[in-house]
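# Report on the structure
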Amino acid sequence: MPVSYLTADAVRAEERATGELLTNGTLMRRASHGVAQAVAALLAERTNGVVGRAVGIVVGAGDNGGDALYAGAELARRGAAVSATLLAPDKAHAGGLAALRRARGRVVETLPSSLDVVIDGVVGIGGHGPLRPAAATVFASVDPLTPIVAVDLPSGVDADTGQINQPAVRADVTVTFGVRRHAHLLAAPQCGRVELVDIGLAEDPEGAPLVSTPPTRPRLYALTDTEIADAWPVPGPHDDKYTQGVVGVIAGSHRYPGAGILCTGAAVTATSGMTRYVGSAHAEVVEHFPEVVAVPDFADAGRVQAWIVGPGAGTDDAAVDLLGKILATELPVLVDADGLTVLSQHPELVRGREAPTLLTPHAGEFARLTGEEVGADRLGTVAGLAQRWGVTVLLKGRITLVAEPDGTVFGNDAESSWAATAGAGDVLSGIAGALLAAGLPPIWAGAAAARVHARAAALASGGAPIGASNLLAGLRPALRTLLV
Ligand SMILES: NC(=O)C1=CN([C@@H]2O[C@H](COP(=O)(O)OP(=O)(O)OC[C@H]3O[C@@H](n4cnc5c(N)ncnc54)[C@H](OP(=O)(O)O)[C@@H]3O)[C@@H](O)[C@H]2O)[C@@H](O)CC1
Ligand SMILES: [K+]
């Protein structure tokens, strides 16, 4: 089952569904205990224990501050020196504040300058907009080396869109409750390590939500490695070169062969199926990958189970014609780069296409394609295009989002940004196209390709900058780690 991410409204609905557990404070007790445990673990990791450690708490006006205060009380009982600063003293959670005082935690105007950890209890799912000035001042004075544990969300990060409203908290660890929020994936780098505390919302906190997200927002999921490995085409005893799917690549040119080489190379590496190439870079492609059947003309292409049209494929009349022809077939088609530029002029070629269709823009291509900037709400924007055009759309980025017309979105956090390099998109197209040819639905092909692409980048990099050919070389080692 993919990992599910919920909107703030859906989280609140789940909390309400627990009835008494919400009203009698059980949920908050469990939540704050989870925060205290996470802080204690971090202190143990970094400083050898809780006793005598200096813990600072920044407390806002709502229940998020309540969680932080109760967590502070627990840490104080365990021997930490806890100081809390109240951003709105009149509104601070009364029970939490009393608990902190009982445990001999201190309420202070200004946090001590030397702290072992800071707990961000400013706002959680009730927050909107950036940190207000008082909170911003507190965080600006925290030593940048002091780890920050965010309660539920780093304050300033929008729970539903993941928008980072600066100034915002950047957390080392984020502790959340029951189910992950959209922001935990959409703003993953801002959240640090996300720890999920079971507070009794559902039997399986990773499982299906009890209450479905309102249809006004997309439903966001992340595939697990196991799911991706299970879906990845691996040849069985009765497979041959055709049964794994034949993918046709239209990319690159004699003058600019790179896109063709990278894209076909990725397709060759991703599956054991066969790869065909059509275009003026046919000789260069075969020189790099002799297993590719490459021809200059579409008429001689031969049969395929999916097409990749895009990188370096051109935007002239002939390119428009060819893309139109390919989209008029019943075959799965991935459109990228130049292919997207063609579609920006001729959206009618693809809108409402019924056969599996995957568009793979980066933010710039997305804007060209739709005349609309991606903006802060990447999830809403990409899901909106998928819904309006009736095709699957993959928006590239550190967090890659793949949206279906029905509002289902698979997200993938690349976990590093080493793949932000020229030609990396061509490699992604090659992987995803090969998976389409093998019969994976576009949303799975896109999300699985994004995961393996990100891993290949990380493996190839090892902490140093890479080019796309290094990324391509990292693909097989990345697949090995997944398919073992
Ligand atoms: N329900 C439960 O049992 C459980 C809830 N849980 C916890 O409760 C949290 C939700 O609590 P919540 O609903 O009280 O909202 P919360 O996020 O604390 O913020 C609301 C307050 O902040 C203010 N405010 C808004 N934006 C702001 C900004 N940018 N900067 C500064 N202030 C800002 C806003 O004030 P206003 O805008 O009205 O001035 C309002 O008063 C949830 O994330 C989880 O941690 C867990 O314990 C599990 C059980
Ligand atoms: K917070």
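An unreviewed UniProt entry annotates the protein chain as Bifunctional NAD(P)H-hydrate repair enzyme originating from Gordonia jacobaea. Recorded in UniProt for the protein chain, the comment headed Subunit (unreviewed entry) runs: "Homotetramer."

The next thing to look at is the pattern of salt bridges. Scanning all chains against the criterion turns up nine salt bridges. Between E195 and R193 there is a salt bridge whose closest N-O contact spans 2.9 Å. Judged by relative accessible area, which is 39%, R193 ranks as partly exposed. Its salt-bridge partner being D225, residue R455 comes within 2.8 Å of it at the nearest N-O pair.

Paired through backbone hydrogen bonds, the strands of a sheet run either parallel or antiparallel to each other. The strand order across the open sheet built from seven strands is β4-β3-β2-β5-β6-β7-β9, with neighbouring strands paired in parallel fashion. Because the sheet does not close on itself, it has two edges, and the strands there are β4 (106-107) and β9 (193-197). Sheet analysis places strand β7 (residues 173-177) next to β9, joined by five bridges and oriented parallel. Paired with V173 across the strands is R193, a residue of β9. On top of the sheet, helix α4 (residues 63-77) reaches β2 (54-59), β3 (81-86), β5 (117-121), β6 (148-151) and β7; it is set at about 150° to β5, its chief contact.

With that settled, the discussion passes to the coordination of the potassium ion (ligand 2). Only N64 (OD1), D120 (O), V123 (O), V151 (O), L153 (O) and S155 (OG) from the protein coordinate the potassium ion (ligand 2), and they sit 2.6 to 3.0 Å from it. Here the potassium ion (ligand 2) is ringed by six donor atoms whose angles at the metal span 67 to 163°, and the overall shape comes out irregular. On the primary sequence, the residues serving as donors to the potassium ion (ligand 2) are separated as N-x55-D-x2-V-x27-V-x1-L-x1-S. Remark: L153 occurs in the loop between β6 and β7 and D120 occurs in strand β5; sequence separation between them is 33 residues. With a relative accessible area of 0%, D120 lands in the buried category.

In the vicinity of ligand 1 lie 23 residues, with L22, D67, G124, P130 and D152 positioned nearest. Interatomic distance of 2.9 Å between a side-chain N/O atom of R12 and an oxygen atom of ligand 1. Within the side chain of D67, one N or O atom sits 2.5 Å away from an oxygen atom of ligand 1. Contact with the protein chains hides 82% of the accessible area of ligand 1, taken as 930 Å² for the molecule alone. Sorting the residues of the shell around ligand 1 by element identifies α1 (8-17), α3 (26-47) and α4 as the ones contributing at least two each.

In this structure, W232, V427, I431 and L435 are the most contacted members of the largest nonpolar core, which totals 53 residues. The leading source of residues in this core is helix α16 (residues 424-437), at nine residues. In this structure, A40, L75, A92 and I119 belong to the second largest nonpolar core, which totals 49 residues.

Before going further, it helps to spend a moment on helix α17 (residues 442-461). Over its 20 residues, α17 extends 28 Å from the first C-alpha to the last, a length consistent with the 28 Å expected when each residue adds 1.5 Å. Within α17, 15 of the 20 residues are buried, which leaves it mostly tucked inside the rest of the structure.

With that out of the way, let us pick up the pairing of strand β11 (residues 246-250). Along any regular strand, the residues point their side chains to alternate faces of the sheet. Burial of β11 is extensive: five of the five residues sit out of reach of the surface. Burial along β11 is two-sided: V246, G248 and I250 facing one way and V247 and V249 facing the other are all buried. Across four bridges, β11 lies against strand β12 (residues 274-278) in parallel orientation. From the neighbouring strand, V246 faces β12, where its bridge partner is M274. One crossover worth recording links β11 to the parallel β12 by way of helix α10 (residues 258-270), and it is right-handed. Taken together, the four bridges between β11 and strand β14 (residues 306-309) define a ladder with parallel strand orientation. Each residue of the ladder has a partner; that of G248, found in β14, is W307.

This part covers α1. Of all the residues in α1, the buried ones are A8, A10, V11, A13, E14 and E15. In this fold, the buried residues of α1 make contact with β1 (3-6), α2 (20-23), α3 and β8 (180-181). G19 sits one or two residues past α1 and shows a positive phi near 60°.

It is worth spelling out the packing of helix α13 (residues 338-345) against helix α14 (residues 363-370) at this point. For the pair α13 and α14, the least separation of the axes is 7 Å and the interaxial angle reads 20°. Taken as axis vectors, α13 and α14 run roughly parallel relative to one another. Two secondary-structure elements touch here, α13 through L340, T341, L343 and S344 and α14 through E365, R368 and L369. Here the residues of the contact of α13 with α14 are counted per class, giving three nonpolar, two polar and two charged.

Put simply, an interface is often sized by how much accessible area is lost when its parts join up. Each assigned domain of the protein chain is listed with its residue range as follows: domain 1 (3-217) and domain 2 (225-483). Placing a centre on the C-alpha atoms of domain 1 and another on those of domain 2 gives a separation of 39 Å. Taken together, the nine residues of domain 1 in the interface contact nine residues of domain 2. Taking both partners together, domain 1 and domain 2 bury about 740 Å²; carbon and sulfur atoms supply 67% of that area. The largest contributions to the domain 1 side of the interface with domain 2 come from L185, L186 and R217, which together make up 54% of the buried area. Linking domain 1 with domain 2 are one salt bridge, by the criterion used here. Here R217 makes a salt bridge to D377, at a shortest N to O gap of 2.8 Å. At the boundary of domain 1 with domain 2, the tally comes to one residue pair in polar contact (both at pLDDT 80 or more). Classifying every residue of the side of domain 1 that touches domain 2 gives four nonpolar, three polar and two charged.

The rules behind each value
Residues numbered from 1 in each chain as written. Chains lettered and ligands numbered in written order. Predicted model: local features only at pLDDT ≥ 70, side-chain atom pairs only at ≥ 80, totals over all residues. Heavy atoms only, no water. UniProt positions renumbered as here; feature names shortened; annotations may be inferred. Salt bridge = Lys/Arg side-chain N within 4 Å of Asp/Glu carboxyl O. Buried < 20%, exposed > 50% of the residue type's maximum accessible area, 1.4 Å probe, protein only. Pairing = 2+ DSSP bridges. Helix = DSSP H or I, 4+ residues; strand = E, 2+ residues; numbered from the N terminus. Contact = heavy atoms within 4.5 Å. Axes fitted to C-alpha atoms, helices over the stretch in contact; angles between N-to-C directions. Donors = N, O, S within 2.8 Å, 3.2 Å for Na, K, Ca; no water. Tetrahedral: all angles 85-135°; square planar, octahedral: opposite > 155°, others 65-115°. Near = heavy atom within 4 Å. Polar contact = N/O pair within 3.5 Å; in protein donor to acceptor, adjacent residues only side chain to side chain. Areas by Shrake-Rupley, 256 points an atom, 1.4 Å probe, with all protein chains shown as cover. Core = buried A, V, L, I, M, F, W, Y, C linked by side-chain atoms within 4.5 Å. Expected span 1.5 Å × (residues − 1). Right-handed = clockwise from strand over helix to strand, strands pointing away. Parallel < 35°, antiparallel > 145°, perpendicular 65-115°, else oblique. Nonpolar A, V, L, I, M, F, W, Y, C, P; charged D, E, K, R; others polar. Domains from an automatic or database assignment. Buried area = accessible area lost by both parts, 1.4 Å probe.

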